[in-house]
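Chain and residue survey
So the chains spell out like this:
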Amino acid sequence: SPALAAAAFGRFSAVVRESRAPGFDRLFAATHAAAQARAGERGGAFCDYPPGTSPEAEFHRQGLNNPLSNWRVTALNREYGLCATYPRLLAVPRAVTDEALSRAAAFRSGRRLPVLCWKDAFGVASICRCSQPLVGVANKRSADDEALLRAIGETNPIGDTLHILDCRPKLNAEVNQVKGKGYEHASNYAATRLTFMNIENIHAMRSSLKAFLAVLKKQAAAGETSMPELEKSGWLEHLRMVLRAALHAARLLEHDRASVVVHCSDGWDRTSQVTALAQLALDPTFRTRRGFETLVAKEWLSFGHQFAKRCGTIAPLERGAQSSEEQSSPVFLQYVDCVHQLCEQFPSAFEFNSLYLAELLHHLTSCLHGTLLGNCERQRADLPPTLPLWPALSEPRFVNQSYAPGAHTTLHIDPGAVRPWTAYYCRGAERIK
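Counting from 1, residues in each chain are numbered in the order their sequence is written. For a predicted model such as this one, the threshold for reporting local features is a pLDDT of at least 70, and the threshold for listing and counting side-chain atom pairs is 80 or more; totals across whole chains, interfaces and linings nevertheless cover every residue. As a rule here, side-chain values cover all heavy atoms of the structure and leave hydrogens and water aside.

**Topic: the packing of helix α11 (residues 270-282) against helix α14 (residues 331-345)**
Our working rule: Lines fitted to C-alpha atoms define the axes, with helix axes restricted to the stretch in contact, and inter-axis angles between N-to-C directions lie between 0 and 180 degrees. Put simply, DSSP H or I for four residues or longer makes a helix, DSSP E for two residues or longer makes a strand, and each gets a number counted from the N terminus. Oblique is the label for every angle not falling under 35 degrees (roughly parallel), over 145 degrees (roughly antiparallel), or within 65 to 115 degrees (roughly perpendicular). The hand of a helix crossing depends on one turn: near helix anticlockwise from the far one by less than a right angle means left-handed, and clockwise means right-handed. Should any heavy atoms of two residues lie within 4.5 Å, those residues are counted as being in contact. Charged residues are taken to be Asp, Glu, Lys and Arg, nonpolar residues to be Ala, Val, Leu, Ile, Met, Phe, Trp, Tyr, Cys and Pro, and polar residues to be all remaining types, Gly included.
It is at 10 Å that the axes of α11 and α14 come closest, and there the two elements cross at 20°. Relative to α14, the element α11 is oriented roughly parallel. In the crossing of α11 with α14, the sense of the turn from one axis to the other is right-handed. Between α11 and α14, the residues in contact are Gln273, Ala276, Leu277 and Leu280 and Val331, Gln334, Tyr335, Cys338, Val339 and Leu342, respectively. Residues of the contact of α11 with α14, tallied by class, amount to eight nonpolar, two polar and no charged.

See below:
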């Protein structure tokens, strides 16, 4: 019988000893690269992006190099001094100076200020991302933060409203406000509309996946499948909520030509899920293998999803840090499951298949490559030479034979069509398409 993936969740909290070692020379990905080098395959310097791509190339593809663009690329964060968990290069409104950006960053959790992550190459609608503002119970304000959001809205002369999508339930946001953080109040941010997307936090997702896997294990032993029992775990409904948020963002851009700003609490978990899925729905480039890898590099790696904490490994720079069950969560797994759902709904829209997605998830904790180690770009930049992940995902078996380029422009997601990905969770490679 196929090996059930109750063990799969264990990967997210398992101790990978070599990846936690205090010295770079003991980092498993580095020793693996050294062993491969002796066999003729050499690792290289850090780079989140797949071969032949780069942040600069992506900025160019989106039309930011046009002198008439309302956006510009700043190197203000080249030494990670503006925001330690953001990439070196940031796209920001041309009307905002670097000095104003520095002041605005101080009003966002972790200094993760609003910056561009995607723009319609043939239009003006855009997606920006950030973390929650430091409003607090005193309802504090920042003229620079308000001006930055106003400038983002003004880059889109078609839309008269900048939509702020807070991925959290409103209650969670209000609890954060008591802790000195919170959310944008309409009275302080002109021409904006705030919507709460009701996606639960990392703790709810962790508990839900455990319950989901427990039901799968029980049903496999009994040789039966009961959707009501699986639904009780909440995992499938969590997938639907994430997909609904992405669908809402995509509709605002496609139908209303509006721009959106997406955030959750820290802006590196639910935010990455929603921005990446919305772009996957809107931009066919990201449905190719190279494009999808660029999307993961951009929205997850460069923008600081905490792979080390969420997957149970420790970033090498954090010598005294400890991994814990409390901080582990299947956030990236949940995103990849959502991508799988889209692959099922649109069988000819993606160049890659579900086997590719399963292999990507395998490497979350394989520690064979440096690509998915650490919590941000800054940390991976200090790694010794390691093997990049992306070439390992270039095998012919990962190609979707039904792929039809150009068959779909925008994907109109149906969250109600979510089904359990049993081929992954009930491991059996022969069942993965």
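**Regarding the layout of surface pockets**
Heads up, the rule is: Cavity means a closed set of points on a 1 Å grid over the protein atoms alone, one where a 1.4 Å probe fits but cannot get out, pocket means an open set with protein on both sides within 12 Å along at least 5 of 7 lines, and lining means a residue has an atom within 4 Å of a point. Grid points are joined across faces, edges and corners, and a volume is the space filled by probe spheres set on the points.
Quantified by volume, the largest pocket comes out at close to 530 Å³. Along the walls of the largest pocket sit 26 residues, with Ile202, His203, Ser265, Asp266 and Arg270 positioned nearest its centre. Those elements giving two or more residues to the lining of the largest pocket turn out to be α7 (170-178), α8 (202-222), α11, α13 (307-311) and α14. Residue composition of the lining of the largest pocket, by class: six nonpolar, eleven polar and nine charged. For the second largest pocket, the calculated volume is near 320 Å³. Residue lining of the second largest pocket: 21 residues in total, with Tyr49, Pro55, Pro87, Ser302 and Glu377 positioned closest to the centre. Going through the elements one at a time, α4 (55-61), β2 (90-93), β3 (115-119) and α12 (289-302) are the ones with two or more residues in the lining of the second largest pocket.

**Quick look at the nonpolar core**
Among soluble globular proteins, nonpolar side chains are generally buried collectively. Just so we agree on the cut-off: Put simply, a nonpolar core is a bunch of buried Ala, Val, Leu, Ile, Met, Phe, Trp, Tyr and Cys residues held in one set by side-chain atoms that sit within 4.5 Å of each other. The rule is simple: take the accessible area with a 1.4 Å probe, protein chains only, and divide by the maximum for that residue type; under 20% is buried, over 50% is exposed, in between is partly exposed.
Counting 112 residues, the largest nonpolar core has Phe292, Phe332, Tyr335 and Tyr425 as the members making the most contacts within it. If one sorts the elements of this core by residue count, helix α10 (residues 235-254) sits on top with 13 residues. The residues touching Phe292, leaving out its near neighbours within four places in the chain, are Leu280, Thr285, Phe286, Tyr335, Val339, Phe352, Tyr356, Leu357 and Leu360.

**Remarks on the pattern of salt bridges**
Note the threshold: A pair is scored as a salt bridge if a Lys or Arg side-chain nitrogen falls within 4 Å of a carboxyl oxygen belonging to Asp or Glu.
According to the stated counting rule, one finds 18 salt bridges in the structure shown. The partner of Arg108 in a salt bridge is Glu184, and the shortest N-O contact between them spans 2.8 Å. On the criterion of sequence distance, the pair formed by Arg108 in the loop between α5 (98-105) and β3 and Glu184 in the loop between α7 and β6 (192-196) is long-range, its members being 76 residues apart. In this structure, Arg108 and Glu184 share a single accessibility class: buried. Between Arg397 and Glu395 there is a salt bridge, with its nearest N and O atoms 2.6 Å apart. Connected via shared salt-bridge partners are Glu231, Glu237, Arg240 and Arg244.

**Digging into the pairing of β3**
Note the threshold: The criterion for strand pairing is that DSSP finds at least two bridges linking the strands in question.
Buried residues dominate β3, accounting for five of its five residues. Remark: six residues form the turn of the hairpin made by β3 and strand β4 (residues 126-129), two consecutive strands paired antiparallel.

**Concerning helix α15 (residues 354-366)**
Keep this limit in mind: Expected span of a helix: the number of residues minus one, times 1.5 Å. We define a polar contact as two N or O atoms separated by no more than 3.5 Å, with the added condition that, inside protein, one atom must be a possible hydrogen donor and the other a possible acceptor, whereas residues neighbouring each other in sequence contribute only through side-chain atom pairs.
Taking 1.5 Å per residue as the helical rise, α15 with its 13 residues ought to reach 18 Å, and the 18 Å between its terminal C-alpha atoms agrees with that figure. Where burial is concerned, most of α15 is hidden: twelve out of the 13 residues are buried. The complete set of buried residues in α15 reads Ser354, Leu355, Tyr356, Leu357, Ala358, Glu359, Leu360, Leu361, His363, Leu364, Thr365 and Ser366. At the N-terminal end of α15, a side-chain oxygen is found 3.2 Å from the backbone nitrogen of Leu355, two or three residues along, and the residue is Asn353. Just past α15, the residue Cys367 takes up positive phi, approximately 60°.

**Comments concerning empty space enclosed by the protein**
Applying the stated rule across the entire model yields three cavities of 30 Å³ or more. Along its surface, the largest cavity is lined by His363, Leu364, Thr365, Ser366, Cys367, Leu368, His369, Leu372, Leu373 and Leu389. Class assignment for the residues of the lining of the largest cavity results in six nonpolar, four polar and no charged.

**Overview of unusual backbone geometry**
Despite not being glycine, Tyr80 has its phi angle at roughly 60°, a positive value. Classification of Tyr80 by relative accessible area gives buried; the value is 11%.

**A few points about the packing of aromatic side chains**
How two aromatic rings sit relative to each other is set out by the distance from centre to centre and by the angle between their planes. To keep things clear, this is the line we draw: Only centres within 6.5 Å qualify two rings of Phe, Tyr or Trp (six-membered ring in Trp) as a pair; their planes then separate them into stacked at under 30 degrees, edge-to-face at over 60, and tilted for everything else. By the criterion adopted, a ring carries a charge over it if an Arg CZ or a Lys NZ lies within 6 Å of its centre and within 35 degrees of its normal.
Per the stated rule, a full pass over the model turns up 17 aromatic pairs. With 6.1 Å between their ring centres and 70° between their planes, Phe292 and Tyr356 make a pair best called edge-to-face. Of this pair, Phe292 sits in helix α12 while Tyr356 sits in helix α15, placing them 64 residues apart in sequence. Take Phe292 and Tyr356: they sit in the same class, and that class is buried. Ring centres of Trp421 and Tyr425 lie 6.4 Å apart, and the angle between their planes is 85°; this geometry places the pair in the edge-to-face category. Exposure class is identical for Trp421 and Tyr425. Each is buried. A connected cluster of aromatic rings, assembled from ring pairs, spans Phe292, Trp300, Phe307, Phe332, Tyr335, Phe350, Phe352, Tyr356 and Phe398. Over the aromatic face of Phe286 sits the side chain of Arg61, whose NZ or CZ is 5.0 Å from the ring centroid.

**A few points about the side chain of Glu299**
Counting through the fold element by element, Glu299 comes out in helix α12. Residue classification places Glu299 among the buried residues on the basis of a relative accessible area of 0%. Of the polar contacts made by the side chain of Glu299, one reaches the side chain of Gln279; its length is 3.3 Å. Not counting residues up to four positions away in its chain, the partners in contact with Glu299 are Cys117, Arg129, Ser272, Thr275, Ala276 and Gln279.

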